[in-house]
Amino acid sequence: MDAYPGAVIPPDASARPPATSPRTLVVAAGRPPRTQGAPVNPPVVLSSTYVSQGVPGPDELLYARIGTETWHPFEQALAELEGTPLPALVTGSGMAAIAAAFSLVPPGGRLVLPRHCYQVTIGHAHDLAQRSGVTVDLVDIDDTAAVLAAVAGGGERRPADLLWVESPTNPMLEVADLPALAAGAHAAGALVGVDNTFATPLVQRPFEHGADVVVHSVTKYLAGHSDVVLGAALATDPALHARLHDYRTVHGAVAGPFEVWLALRGLRTLALRVERAQANAAELARRLADHPGVAVVRHPSLPDDPGHERAARLMAGFGSILGVRPVGGRAAADAVVAAVRLWVPATSLGGVESSLERRRRFATESPTVPDDLLRLSVGIEDVEDLWRDLDAALRAV
Ligand SMILES: *Cc1c(COP(=O)(O)O)cnc(C)c1O
């Protein structure tokens, strides 16, 4: 089944109590075996190749583009967190993981994805449309009926091959009804892939809602310190997993050992970081909703937010990304970014440090994203410091 065997080691959770909480797993998973004198952390192994002769066995380490012992502990830990028996496949970036998932759409096939998902994901879909004749439908992912109508196709259009879900969406923070979408998409014969970057497996576990493939930009919360670029793709079905693994091997967008080691190190504190960042985000959202310099705040924690009910039902938290539209439009948004002194003006998200940007500064961002929308990635600093800085910047413009 897997054309390129070699070193995809399944997770070994046998040493731990079965009911281990995800908050414990981030600390306990992916450790070396507990033998006398063993290190508590896995080593970084720098070797492109491994001693080997003859016909290789299925789990043999052969060559570092196919699999390495420095990847395995992270791949094992992430698989346990997402709740799949098959190891995560770590990739050189989140986009490399998304490319692997999109390779499941055949030439001439159909791909349905959120209008407001990560802009480069949409760019990749358009690239497939041009080069492989894939038909791409952009949908409002929070409108379940519209999404499922697009998936079903009809008339000239065949049913979709893959429904791509991001929830909450980047940067509009729409929340998808994932179980309803997965059930409807499967009934139409489509696979369901979920980009779980914004939520992390501590907040949302897409496989429990029917997803076939889950991807992460590990760059963001999982690694968590804005010092690595990395991705991961996961599946529960062995045949799908083998296709993703073969894609990674032949396309070659693999990770370096240091990056993966740093990601595992970052994962150890994920529960604490997510807990603090979410609490900060909810508190800031509450205060911003009453701020005279703010026209709109989007965060699913707010009781009147369109995503609140679904997020409360489907997620174990509300995430730590805020959407803010200041009074005064685009010029005011740019002025806020220029005025903050603690918040970092930067793209990306999910680091320990709080950052913000106006998304439409990118020409490639969807034109349906408001021109004045600021995306705030709330970090783990003291919330009062974050508030003082933001409040001062909003009042100054
Ligand atoms: C950043 C991001 C990606 C892309 O990940 P890279 O690691 O930058 O390649 C994909 N999806 C979402 C939701 C992201 O925020």
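Note that the structure is a prediction, hence the values are computed from the model and not measured.

Focus: the pairing of strand β11 (residues 355-358)
For a regular strand, the rule is simple: side chains alternate between the two faces of the sheet. Residues of β11 alternate between two faces, with Ser-355 and Glu-357 on one and Leu-356 and Arg-358 on the opposite face, all of them buried. With 2 bridges joining them, strand β10 (residues 344-345) and β11 adopt parallel strand pairing. What sits directly across from Val-344, in β11, is Ser-355. In this sheet, strand β12 (residues 374-377) lies alongside β11 in antiparallel orientation, the contact comprising 4 bridges. Bridged to Glu-357 within β12 is Arg-375.

Digging into the sheet that holds strand β2 (residues 110-114)
Spatial strand order, β1-β7-β6-β5-β4-β2-β3: 7 strands in an open sheet with mixed pairing. Among the strands making up the open sheet, the edge pair consists of β1 (89-91) and β3 (135-139). Ignoring strand direction, the axes of neighbouring strands in this sheet form an average angle of 20 degrees. Sheet topology note: the strand β5 (residues 191-195)/strand β6 (residues 213-217) ladder contains 3 bridges and is parallel. Counted as the bridge partner of Gly-193 is Val-213 from β6. Sheet strands in contact with helix α3 (residues 94-102) are β1, β2, β4 (162-166), β5, β6 and β7 (231-235), and its direction is about 160 degrees off that of β6. Along the sheet face, helix α5 (residues 144-152) touches β2, β3 and β4 and points at about 165 degrees away from the line of β2.

Considerations on the sheet that holds strand β8 (residues 294-298)
What the 5 strands build is an open sheet, ordered β8-β9-β12-β11-β10; its pairing is mixed. The open sheet has two free edges, formed respectively by β8 and β10, since each of these has just one partner strand. Helix-sheet contacts for helix α11 (residues 329-339) involve β9 (321-326), β10, β11 and β12, and the interaxial angle to β11 is about 155 degrees.

Here's the deal with the UniProt feature "modified residue: N6-(pyridoxal phosphate)lysine" (unreviewed entry) in the chain
Here, the residues flagged by UniProt with the feature "modified residue: N6-(pyridoxal phosphate)lysine" (unreviewed entry) are Lys-220. Among the structural elements, Lys-220 can be located in the loop between β6 and β7. Judged by relative accessible area, Lys-220 falls into the buried class, the value being 11%. Not counting residues up to four positions away in its chain, the partners in contact with Lys-220 are Thr-197, Ser-348, Leu-349 and Gly-350.

Details of the packing of aromatic side chains
This model, assessed by the stated rule, comprises 1 aromatic pair. Geometrically, the ring pair formed by Phe-102 and Trp-164 is edge-to-face, given 5.0 Å between the ring centres and 85 degrees between the ring planes. Linking Phe-102 in helix α3 with Trp-164 in strand β4, this pair joins segments that are 62 residues apart in sequence. Residue classification places Trp-164 among the buried positions, given a relative accessible area of 0%.

Describing the pattern of salt bridges
All told, the structure shown has 23 salt bridges when counted by the stated rule. Glu-365 is the salt-bridge partner of Arg-359, the closest N and O atoms lying 3.0 Å from each other. A relative accessible area of 2% places Arg-359 in the buried class. Residue Glu-365 is classed as buried on the basis of its relative accessible area of 5%. If you follow the salt bridges from partner to partner, you end up with Glu-357, Arg-359, Arg-361, Glu-365 and Arg-375 in one network.

Quick notes on unusual backbone geometry
Where the residue is not glycine, phi is negative for most of them; where a peptide bond is considered, it is trans in most cases. Here Ser-167 and Pro-168 are connected by a cis peptide whose omega angle stands at -10 degrees. Among the structural elements, Pro-168 can be located in the loop between β4 and α6 (178-187). The omega angle of the peptide bond from Asn-170 to Pro-171 is 5 degrees, so this bond is cis rather than trans. Residues other than glycine seldom take positive phi values, yet Leu-173 does so here, at roughly 65 degrees. With respect to the element layout, Leu-173 can be found in the loop between β4 and α6. For Thr-200, which is not glycine, the phi torsion reads 70 degrees and is therefore positive. Following the sequence through the fold, Thr-200 ends up in the loop between β5 and β6.

Here we look at the pairing of β4
Taking burial as the measure, the 5 residues of β4 include 5 buried ones, the bulk of the element. Both faces of β4 are covered, namely the face carrying Leu-162, Trp-164 and Glu-166 and the face carrying Leu-163 and Val-165. As defined by bridge partners, β4 adjoins β5 across 5 bridges and the pair is classed as parallel. If you follow Glu-166 over to β5, its bridge partner there is Asp-195. Between β4 and its parallel partner β5, the chain crosses via α6, and the hand of that crossover is right-handed.

Focus on α5
Of all the residues in α5, the buried ones are Thr-144, Val-147, Ala-150 and Val-151. The arc enclosing the buried residues of α5, seen along the axis, measures out at 130 degrees, which places them on a common side. Among the residues trailing α5, Gly-153 stands out with phi positive, at a value near 75 degrees.

A few points about the side chain of Thr-219
With respect to the helices and strands, the residue Thr-219 is situated in the loop between β6 and β7. Polar side-chain contacts of Thr-219 include one of 2.9 Å to the backbone nitrogen of Leu-230. Excluding its chain neighbours within four sequence positions, the residues that come into contact with Thr-219 are Gly-224, Val-228, Val-229 and Leu-230.

A few points about the nonpolar core
Among the nonpolar cores identified, the biggest contains 57 residues, and Phe-74, Leu-163, Val-165 and Leu-267 are the most heavily contacted of them. Take this core: its biggest share by element is 5 residues, from helix α2 (residues 72-82). Excluding its chain neighbours within four sequence positions, the residues that come into contact with Leu-267 are Val-26, Phe-74, Ala-77, Leu-81, Leu-222 and Arg-273.

Thresholds, definitions, all that
- Residues numbered from 1 in each chain as written.
- Predicted model: local features only at pLDDT ≥ 70, side-chain atom pairs only at ≥ 80, totals over all residues.
- Heavy atoms only, no water.
- Buried < 20%, exposed > 50% of the residue type's maximum accessible area, 1.4 Å probe, protein only.
- Helix = DSSP H or I, 4+ residues; strand = E, 2+ residues; numbered from the N terminus.
- Pairing = 2+ DSSP bridges.
- Axes fitted to C-alpha atoms, helices over the stretch in contact; angles between N-to-C directions.
- Contact = heavy atoms within 4.5 Å.
- UniProt positions renumbered as here; feature names shortened; annotations may be inferred.
- Phe/Tyr/Trp six-rings, centres within 6.5 Å; stacked < 30°, edge-to-face > 60°.
- Salt bridge = Lys/Arg side-chain N within 4 Å of Asp/Glu carboxyl O.
- Right-handed = clockwise from strand over helix to strand, strands pointing away.
- Arc of directions from axis to C-beta.
- Polar contact = N/O pair within 3.5 Å; in protein donor to acceptor, adjacent residues only side chain to side chain.
- Core = buried A, V, L, I, M, F, W, Y, C linked by side-chain atoms within 4.5 Å.

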